[in-house]
Every structure is written in C-alpha cells, then in structure tokens.
Amino acid sequence: MPKAYEVIADDLRRSIREGRRKPGDRLPSETDLAGHYRRSVPTVQNALRVLHEEGLIDKQHGRGNFVRRPRTMARRANSRHQWEKGRVREPVAARAQTGATEHDTGLVLDDLVFHASYREIEAPQDIAEAMGVPEGTALLERTYRTRYAAETAPFNLVTSYLVRDMIAGNPDLLDETKEPWPGGSQNQLYTVGIELDRIEERVTARPPTPEEADELELPRGTSVLVLRKTSHDLDNRVVDLSDIILPGDRTELLFTTPLERW
C-alpha cells in the first residue's frame, strides 16, 4: 500500500510527464495542494521533496515550486576531434566563429559564458604516471567552465594538464586571459609545432562528490560520467591530459567507428 505522500507525488509526476504541467509552471501552494488532496501540509512537503530529488521541480525561495525547465543537452561525439583538427590551420576569424561547446550543444558563441583559470603545479604521482613524465615535472593546470547564459550550471567541469616546457615557446599559452582560444587546445599545440596523432578517451561513472553535485546543480541520485582524455602527438608523447566531469542528466556520448570494407 503506497504511502499518502507517494500517491501525491505520483499524481504530480504524471501531470508533469503528460504535459499538463509544463516547464516553468508554478505548482499550487503547499496549502492549496494539501486541501486538494485532503492531506496535511507535511505530507505534501514530503511529496514535493521526492519530486525535487528526482529533478522534476525546483523550489524558489519566497516564490514556490516550479516545474523544472530541461537543461540544455550536450552530445559529445568522438568525431569532434577530427573536426577540431580540421580547423587548426584555418584563419583566426574562421576559428573564432564557433568552438567545441557550440558544436556539442547547437548553441552559438553569444549564448555562452566562459571562464578559464591557470596555475603552475608540480606533477603529482598519478598525473605524472598518466603523462609518462617524472613526478614533480612542471605542469600547467587549466580549469574550464562554460555554461549557457540562460542557465546557472556549467556543461561540465574540465581540468587539463600540459607539460610547461613543451608549450613555453609561446608565452600566450601560459596566459589565461587569452582564453577562449580560437580553435581550442589543438590550435594552441599547433602554435608550438605539435600535431596530434590520436586521442584516447576512457569513460567511467560514479556518484558525484558534494562539490561536483553543487556546482553542476545535479538532482539527488544523478551520477556523473568521468572522462579522461589523453592526447598523443606524432612522437607518441602525451601532450595534453584532461579530466572532464560530465553531468549524467544532460550529457549524451556518441561513438561512431568507421569499419573497413572487405
């Protein structure tokens, strides 16, 4: 026998999924819902808590509960890497027109808010091993956050590592104020004579840390995808290592593998 709050949650959930309550619609007040369902306000609050944890509604302080608007989806396909490489040697004006986030989301440059921060670190053991360099090697650690201007959460959380000595020939690559860089990381590496040979992406899933859940504004119970992107140059060196945290509620990974003909 379902509990009273579960019955209320089921009815409200159904009204949202069937489109009778649309994104942005405000739900009746807790008092009005209690009257409608002939239950106590605490019972209604328990039902609303369930819907909030499922990511179906948002509670706005002083305003009430609203049907949550779907977040902008990002489709990350492995074909993006060749697309990026194909643009590396284009004029800066062409590269500046669009980037990887626009490619993944269908948005345009003016839709986006971008932030980058750089710092120099000594390679910890795990990063050093992954990059094939001695522990303590000087690295440039870069963090990126990009969001849709109409939303408050970023599409993902990106941390990228470059070997400082590999890129020091172009001082602009050490300057976070040069971001966003037209053409992205592949063009940055091209400016110091580095061409990518291949990119390896390894994906796992796990619950988010509290900090990740807060920054990505994840509904309770939503997992994150953890993508480690390892970029190798023509000499088989790891020239860029990126850890990317992707929200499971608004990310699609698409892998297409061309097959040779018989």
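Reading the values: rules and limits
- Residues numbered from 1 in each chain as written.
- Predicted model: local features only at pLDDT ≥ 70, side-chain atom pairs only at ≥ 80, totals over all residues.
- Heavy atoms only, no water.
- Helix = DSSP H or I, 4+ residues; strand = E, 2+ residues; numbered from the N terminus.
- Rg over C-alpha atoms; globule rule 2.2 N^0.38 Å.
- Buried < 20%, exposed > 50% of the residue type's maximum accessible area, 1.4 Å probe, protein only.
- 1 Å grid on protein atoms, 1.4 Å probe; cavity = no way out; pocket = protein on both sides within 12 Å on 5 of 7 lines; lining within 4 Å.
- Points joined across faces, edges and corners; volume = space filled by probe spheres on them.
- Nonpolar A, V, L, I, M, F, W, Y, C, P; charged D, E, K, R; others polar.
- Salt bridge = Lys/Arg side-chain N within 4 Å of Asp/Glu carboxyl O.
- Contact = heavy atoms within 4.5 Å.
- Axes fitted to C-alpha atoms, helices over the stretch in contact; angles between N-to-C directions.
- Parallel < 35°, antiparallel > 145°, perpendicular 65-115°, else oblique.
- Left-handed = near helix turned anticlockwise from the far one by under 90°.
- Phe/Tyr/Trp six-rings, centres within 6.5 Å; stacked < 30°, edge-to-face > 60°.
- Lys NZ or Arg CZ within 6 Å of the ring centre and 35° of its normal.
- Pairing = 2+ DSSP bridges.
- Arc of directions from axis to C-beta.

**Student:** What is the right way to look at the overall build of the protein chain in this model?
**Tutor:** Broken down by element type, the protein chain carries ten helices and ten strands. Whereas a compact globule of 262 residues would reach a radius of gyration of roughly 18 Å, the protein chain reaches 23 Å, over 25% beyond that. Overall, the C-alpha framework of the protein chain stretches about 70 × 50 × 40 Å when taken along its three principal axes. Per-residue burial for the protein chain yields a buried fraction of 40% across its 262 residues.

**Student:** Got a minute to help me understand the layout of surface pockets in this structure?
**Tutor:** By volume, the largest pocket amounts to about 910 Å³. Looking at the largest pocket, it is lined by 45 residues, and the ones nearest its centre are E84, A100, T101, F114 and G184. A per-class count over the lining of the largest pocket returns 18 nonpolar, 15 polar and twelve charged.

**Student:** Just to check I follow, could you spell out the pattern of salt bridges for this structure?
**Tutor:** Side chains that differ in sign of charge can pair as their charged atoms come close. Counted according to the given criterion, the structure contains 23 salt bridges. Salt-bridge contacts for R71 lead to E217; the nearest nitrogen and oxygen are separated by 2.8 Å. Residue R71 is found in the loop between β2 (64-67) and β3 (74-77), and its partner E217 is found in the loop between α10 (210-216) and β8 (224-233); the two are separated by 146 residues along the sequence. A relative accessible area of 18% places R71 in the buried class. Its relative accessible area of 28% is what places E217 among the partly exposed residues. E200 is the salt-bridge partner of R202, the closest N and O atoms lying 3.7 Å from each other. Residue classification places E200 among the partly exposed residues on the basis of a relative accessible area of 38%. One salt-bridge network, held together by shared partners, links D10, R13 and E54.

**Student:** Looking at this structure, how should I read unusual backbone geometry?
**Tutor:** Most peptide bonds are trans, and most residues other than glycine sit at a negative phi. In this structure, P180 follows E179 across a cis peptide bond, with omega equal to -5°. Examined against the element boundaries, P180 turns out to sit in the loop between α8 (164-167) and α9 (184-190). Positive phi, close to 60°, is recorded for R38, a residue that is not glycine. Mapped onto the fold, R38 is located in the loop between α2 (30-37) and α3 (41-53).

**Student:** What is the right way to read the environment of A138 from this model?
**Tutor:** Following the sequence through the fold, A138 ends up in strand β5 (residues 138-148). Taking the C-alpha atoms as reference, A138 lies 61 Å from A34; in sequence the two are 104 residues apart. Leave out the neighbours within four places in its chain, and A138 touches I121, L162, V163 and R164.

**Student:** Help me out: how do you make sense of the packing of helix α1 (residues 4-17) against α3 in this one?
**Tutor:** Each pair of packed helices can be summarised by the angle the axes make with each other and by the distance between the axes. Running from amino to carboxyl end, α1 crosses α3 at an angle of 50°, the nearest separation of the two axes being 8 Å. When the interaxial angle is binned, α1 and α3 end up oblique. Note that α1 runs across α3; the crossing there is right-handed. On α3, the residues touching A4, Y5, I8, A9, L12 and R13 of α1 are T43, V44, N46, A47, L48, R49, V50 and L51. Residue classes in the contact of α1 with α3 are distributed as ten nonpolar, two polar and two charged.

**Student:** What is the right way to look at the packing of aromatic side chains in this model?
**Tutor:** One pair of aromatic rings is described through two measures. These are the centre distance and the angle between the planes. Evaluated as defined, the whole model comprises one aromatic pair. Centroid distance F114 to Y144: 5.9 Å. Interplanar angle 40°. Geometry classified as tilted. With F114 in strand β4 (residues 112-122) and Y144 in strand β5, this pair connects stretches of sequence that are 30 residues apart. The ring of W83 has R87 lying over it, and the distance from NZ or CZ to the ring centre is 4.6 Å.

**Student:** What is the right way to look at the sheet that holds β4 in this model?
**Tutor:** Two pairing modes exist for strands in a sheet, parallel and antiparallel, and in both the strands are linked by backbone hydrogen bonds. Strand order in the open sheet formed by six strands is β4-β5-β6-β9-β8-β7, and the pairing between neighbours is antiparallel. Two strands close off the open sheet at either side, each with one partner strand: β4 and β7 (196-206). On average, each strand axis in the sheet is inclined to that of its neighbour by 15°, with strand direction left out of account.

**Student:** How should I be thinking about helix α4 (residues 80-87) in this particular structure?
**Tutor:** Think of an α-helix as 3.6 residues a turn; residues three or four steps apart then line up on the same face. Residues of α4 that are buried: R80, H81, E84 and R87. Projected down its long axis, α4 shows its buried positions confined to an angular sector of 125°, all on one face. Where α4 is buried, its residues touch β3, α5 (92-95), α6 (100-105), α9, β7 and β8.

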